[in-house]
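Geometric and topological summary
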Amino acid sequence: MSGESPSQTQFQTTDGIGIANLPNQLHKIVTKKGTNFSVMVVGESGTGKTTYINTLFTTELIEPLDDATRRKKQLDRTVDINIHKAELEEKVFNVKLNVIDTPGFGDYVDNNECWHPVIDFLENQYEQYLRQEQQPIRKDIVDMRVHACLYFIRPNGHTLKPIDVRAMKAIGARCNLIPVIAKADTLTPRDLKQFKKRVMDIISAQNIRIYTPPVETEDEPSAKRNREIIAAMPFAIIGSTQEVPTPDGRRVKGRTYQWGVAEVENEQHCDFKKLRSLLIRTHMLDLVTTTEEVHYDKYRTTQMKTRKFGEPKPKKSDNKKFKEEEEQLRKRFTEKVKQEENRFRQWEQKLIAERDRLNKDLEQDHNLVKQLESEIEQLQKGPGGAKFGK
Ligand SMILES: Nc1nc2c(ncn2[C@@H]2O[C@H](COP(=O)(O)OP(=O)(O)OP(=O)(O)O)[C@@H](O)[C@H]2O)c(=O)[nH]1
Ligand SMILES: [Mg+2]
């Protein structure tokens, strides 16, 4: 494109994974250890998460689901989280990339808290890291903490759904949340602009915490670039792994329409390039450090307040309050059982007494009958007996 500013050009044409461009000091930390970088995609079903990941890394990292499989999967409500690994190498630098694809939610009758598996996943990674950190030998720590969570918003053109608001609140409180507008090719540029504004308005009104690149830096070009990134949020993306011909004879990744081609890597069409640069070039390290210093630290501090060093995360049943409640319940239950037993015993005794009384009555009646019978016999045998024996 012709109208690009110099900073934009630099930001777009670097083809490596960006670690070579980091400031020296940070660069050293990364090269020494090598680094793990994990991106997770979350959002409603069918918004193009899997397609996006495939597009992002050009290679088909993950098999896209065909429609039949998707429909089948929507019937069963389990949320399966798949981790796909790849290694990105750039000169001597090694980045272990983990892409965490989640099946979408939002199609079920009961969507209540359907993002919980995502939250559990995020927290489990912090927990596992925390445990390893507390071990005496910490050489080969496996770090699967999520550095960026892309939240896919369905391009309905109106507003954020309540389910999106709740899910984003929960996720943003735990990791770097990056909202994206999915399938940007389905909105006109005007509608897209309006939709972006509405989404940002709700994000700020609802206090949803999203990842924001730092702008207070002494490095003016990077501050400018970060301001541009912030202005473009939430990133609008188009996903496609298909190469299609454009009317002017190029072959590009995109989607063909009657009006032309929606190009994945065209900044006039969507923010795919901006987001890709942010993730795997310009802001990879900032995402890693904010995860460590803000989100993981928050998790660790909260956990350390409630448990001793080295102690495992309490299960619900280990919870002190829960235990007290359980004890109370058990006491009440035993008392109730005792009371019932007493009541039963009294009732049993009453029954026995009643039975005895009835037996006695029966005996008396029996005796009376016997007596009457013998009287009859006497009468038959006696002098007046002929009367009867005719
Ligand atoms: N128009 C348009 N369609 C897209 C885009 N990205 C993906 N699709 C299509 O949308 C459908 C769903 O894409 P997926 O990538 O499987 O969606 P998903 O979010 O992974 O879905 P789940 O795995 O069910 O959560 C497919 O038919 C894709 O070809 C896009 O940017 N624009
Ligand atoms: Mg998918």
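Above: the structure in question.
The following refers to the structure shown. (Residues numbered from 1 in each chain as written. Chains lettered and ligands numbered in written order. Predicted model: local features only at pLDDT ≥ 70, side-chain atom pairs only at ≥ 80, totals over all residues.)

Next up on the list: the overall build of the chain. If you tally the helices and strands in the chain, you get twelve helices and nine strands. Within the chain, buried positions represent 29% of all 390 residues. Across the chain, every contact between residues at least 6 apart in sequence was considered, and the portion connecting residues at least 24 apart equals 70%. (Helix = DSSP H or I, 4+ residues; strand = E, 2+ residues; numbered from the N terminus. Buried ≥ 20, exposed ≤ 12 C-beta atoms within 10 Å, placed from the backbone. Contact = placed C-beta atoms within 7 Å.)

Next up on the list: unusual backbone geometry. Cis geometry marks the peptide bond from Met233 to Pro234, where omega comes out at -5°. Within the fold, Pro234 resides in the loop between α8 (220-232) and β6 (235-236). The backbone of Lys183 sits at a positive phi, close to 45°, despite the residue not being glycine. Of note, Lys183 is situated in the loop between β5 (177-181) and α7 (189-205). Backbone geometry at Asn207 places phi at a positive 55°, although glycine is not the residue there. Within the secondary structure, Asn207 is located in the loop between α7 and α8.

Looking now at the site of ligand 1. Around ligand 1 sit 18 residues in total, of which Gly48, Lys49, Thr50, Thr51 and Gly104 are the nearest. Tallying contributions element by element places helix α3 (residues 49-56) first for the shell around ligand 1, with three residues. Broken down by class, the residue content of the shell around ligand 1 amounts to four nonpolar, nine polar and five charged. (Near = placed C-beta within 6 Å. Nonpolar A, V, L, I, M, F, W, Y, C, P; charged D, E, K, R; others polar.)

Before going further, it helps to spend a moment on the nonpolar core. Cys149, Leu150, Tyr151, Ile171, Val180 and Ile237 are the most contacted members of the largest nonpolar core, which totals 62 residues. Look past the residues within four positions of Leu150 in its chain and what remains in contact with it is Val39, Val41, Ile178 and Val180. (Core = buried A, V, L, I, M, F, W, Y, C linked by C-beta atoms within 7 Å.)

Whenever strands of a sheet pair, they do so through backbone hydrogen bonds, lying parallel or antiparallel. The antiparallel open sheet is built from three strands, whose spatial order is β7-β8-β9. Edge strands, defined here as strands with exactly one partner in the open sheet, are β7 (243-245) and β9 (260-263). This sheet shows a mean twist of 65° between the axes of neighbouring strands, independent of strand direction. As paired elements, β7 and strand β8 (residues 251-257) share three bridges and run antiparallel to each other. Opposite Glu243, over in β8, you have Lys253 as the bridge partner. (Pairing = 2+ DSSP bridges. Axes fitted to C-alpha atoms, helices over the stretch in contact; angles between N-to-C directions.)

In terms of burial, α3 is a largely internal element, eight of the eight residues being buried. Along α3, the residues that are buried comprise Lys49, Thr50, Thr51, Tyr52, Ile53, Asn54, Thr55 and Leu56.

When two helices pack together, their arrangement is given by the angle between their axes and by how far apart the axes lie. Closest axis-to-axis distance for the helix α5 (residues 116-133)/helix α10 (residues 284-306) pair is 10 Å, and the angle between their directions is 70°. The angle between α5 and α10 falls in the class roughly perpendicular. When α5 is examined against α10, the residues Glu123, Tyr126, Tyr129 and Leu130 are found in contact with a partner set consisting of Tyr296, Tyr299, Arg300 and Gln303. A breakdown of the residues in the contact of α5 with α10 according to their chemical character gives five nonpolar, one polar and two charged. (Parallel < 35°, antiparallel > 145°, perpendicular 65-115°, else oblique.)

Relative to the assigned elements, Asn124 resides in helix α5. On the basis of neighbour count, Asn124 is assigned to the partly exposed category, with 13 C-beta atoms found within 10 Å. As for Asn124 and Met144, which are separated by 20 residues in sequence, their C-alpha atoms are 9.2 Å apart.

Let us now look at helix α6 (residues 162-172). Side chains of residues three or four places apart in an α-helix project in the same direction, reflecting 3.6 residues per turn. Among all positions in α6, only Asp164, Ala167, Met168, Ile171 and Gly172 are buried. Relative to the axis of α6, the buried residues are bounded by an arc of 120° and lie together on one face. (Arc of directions from axis to C-beta.)

Look at any regular strand and the pattern is simple: side chains alternate between the two faces of the sheet. For strand β4 (residues 148-153), the buried fraction is high: six of the six residues fall into the buried class. Side chains Ala148, Leu150 and Phe152 of β4 all project onto a buried face; the interleaved residues Cys149, Tyr151 and Ile153 project onto the opposite face, where all are buried too. Relative to β4, strand β1 (residues 35-43) runs parallel, the two being bridged by five bridges. Within β4, the position partnered with Val42 by the bridge is Tyr151. Sheet analysis places β4 next to β5, joined by five bridges and oriented parallel. Note that in β5 the partner of Tyr151 across the bridge is Pro179.

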